[in-house]
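Commentary on secondary and tertiary structure
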Amino acid sequence: MLKINKYDIALKNKNIIALLDTISHFEGANYNTIVGGKTFSDYSKHPQQKIWIKSIKDFSTAAGRYQIIYPTWLWVSSELELKDFTPKSQDYAALFLMEHKNQLQNAIDGKIDKVLESISWIWASLPPSRYGQTSNTTKKVVEYFK
């Protein structure tokens, strides 16, 4: 629970709030979004729906505000002992993933260029678009963040 307490503090930081809003915006998602635009209403668990994504020619289970795929959710929720897929749990998961890339402090400090380089391995919509999704420029993402 130590991480959770640290994340509650981080969620009050203006740069963290801006970064989470930025990720959500470019992922095109809300807390109840399933990849492809469908929605879900049961926050008791990750929806686990496999959706065919034509642009990447593969299935995805991405869901929630940060489009977390199911295998990643299993790992993160186990590490943080999360019992549901509520908005707060999704926020904790996003912070955990940033921390896993050693970028949580940089995010808190607002060092967005440095953060993007690393977390773009997690969120496909962020530059330099490592997974074949539509690319957004660093300039565009930084402007939205600010």
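Residues numbered from 1 in each chain as written. Predicted model: local features only at pLDDT ≥ 70, side-chain atom pairs only at ≥ 80, totals over all residues. Heavy atoms only, no water.

Here Ser120 shows up in the loop between helix H6 (112–119) and helix H7 (138–145). Classification of Ser120 by relative accessible area gives buried; the value is 0%. Placed 34 residues apart in sequence, Ser120 and Thr86 show a C-alpha to C-alpha distance of 24 Å. (Helix = DSSP H or I, 4+ residues; strand = E, 2+ residues; numbered from the N terminus. Buried < 20%, exposed > 50% of the residue type's maximum accessible area, 1.4 Å probe, protein only.)

All right, on to the packing of helix H2 (residues 14–27) against H7 then. Where H2 contacts H7, the axes come no closer than 9 Å and their chain directions differ by 130°. When the axes of H2 and H7 are compared, the pair comes out oblique. Taken as a pair, H2 and H7 cross one another with a handedness that is right-handed. Taking contact as the criterion, the partners of Asn15, Ala18, Leu19, Asp21, Thr22, His25 and Phe26 in H2 are, on H7, Lys140, Val141, Tyr144 and Phe145. Its residues assigned to classes, the contact of H2 with H7 comprises 6 nonpolar, 3 polar and 2 charged. (Axes fitted to C-alpha atoms, helices over the stretch in contact; angles between N-to-C directions. Parallel < 35°, antiparallel > 145°, perpendicular 65-115°, else oblique. Left-handed = near helix turned anticlockwise from the far one by under 90°. Contact = heavy atoms within 4.5 Å. Nonpolar A, V, L, I, M, F, W, Y, C, P; charged D, E, K, R; others polar.)

Attention now moves to H2. Counted at 1.5 Å a residue, the expected span for H2 with its 14 residues is 20 Å, and the 20 Å between its end C-alpha atoms agrees. The element H2 is extensively covered by neighbouring structure, given that 10 of its 14 residues are classed as buried. Where H2 begins, the side chain of Asn13 points an oxygen toward the backbone nitrogen of Asn15, at a separation of 2.8 Å. Just beyond H2, the residue with positive phi is Gly28, at close to 70°. (Expected span 1.5 Å × (residues − 1). Polar contact = N/O pair within 3.5 Å; in protein donor to acceptor, adjacent residues only side chain to side chain.)

Before going further, it helps to examine the nonpolar core. In terms of nonpolar packing, the biggest core is built from 42 residues, with Leu19, Met98 and Trp123 touching the most fellow members. Elements represented by at least two residues in this core include exactly helix H1 (2–10), H2, strand E1 (51–53), helix H3 (70–80), helix H4 (87–100), helix H5 (104–108), H6 and H7. For this core, the element with the highest residue contribution is H4, accounting for 7 residues. Once you skip the residues sitting within four places of it in the chain, Trp123 turns out to touch Ile23, Glu27, Tyr66, Ala94, Leu97 and Met98. (Core = buried A, V, L, I, M, F, W, Y, C linked by side-chain atoms within 4.5 Å.)

The next subject is the side chain of Ser118. Turning to its location among the elements, Ser118 is positioned in helix H6. Residue Ser118 is classed as buried on the basis of its relative accessible area of 15%. At 3.4 Å, the side chain of Ser118 and the backbone oxygen of Lys101 are in polar contact. The residues contacting Ser118, other than those within four sequence positions of it, are Lys101 and Gln103.

As a further point, take the pattern of salt bridges. Note on pairing: side chains with opposite charge can pair once their charged atoms come close. Here the structure, examined in full by the defined rule, presents 4 salt bridges. Here Glu99 makes a salt bridge to Lys6, at a shortest N to O gap of 2.3 Å. Of the two residues, Glu99 is situated in helix H4 and Lys6 in helix H1; the sequence distance between them amounts to 93 residues. Residue classification places Lys6 among the partly exposed residues on the basis of a relative accessible area of 38%. Notably, a salt bridge pairs Asp21 with Arg65, separated by 2.4 Å at the nearest N-O pair. Of this pair, Asp21 sits in helix H2 while Arg65 sits in the loop between strand E2 (58–60) and H3, and the two are 44 residues apart along the sequence. Accessibility expressed as a relative area gives 32% for Asp21, which makes it partly exposed. (Salt bridge = Lys/Arg side-chain N within 4 Å of Asp/Glu carboxyl O.)

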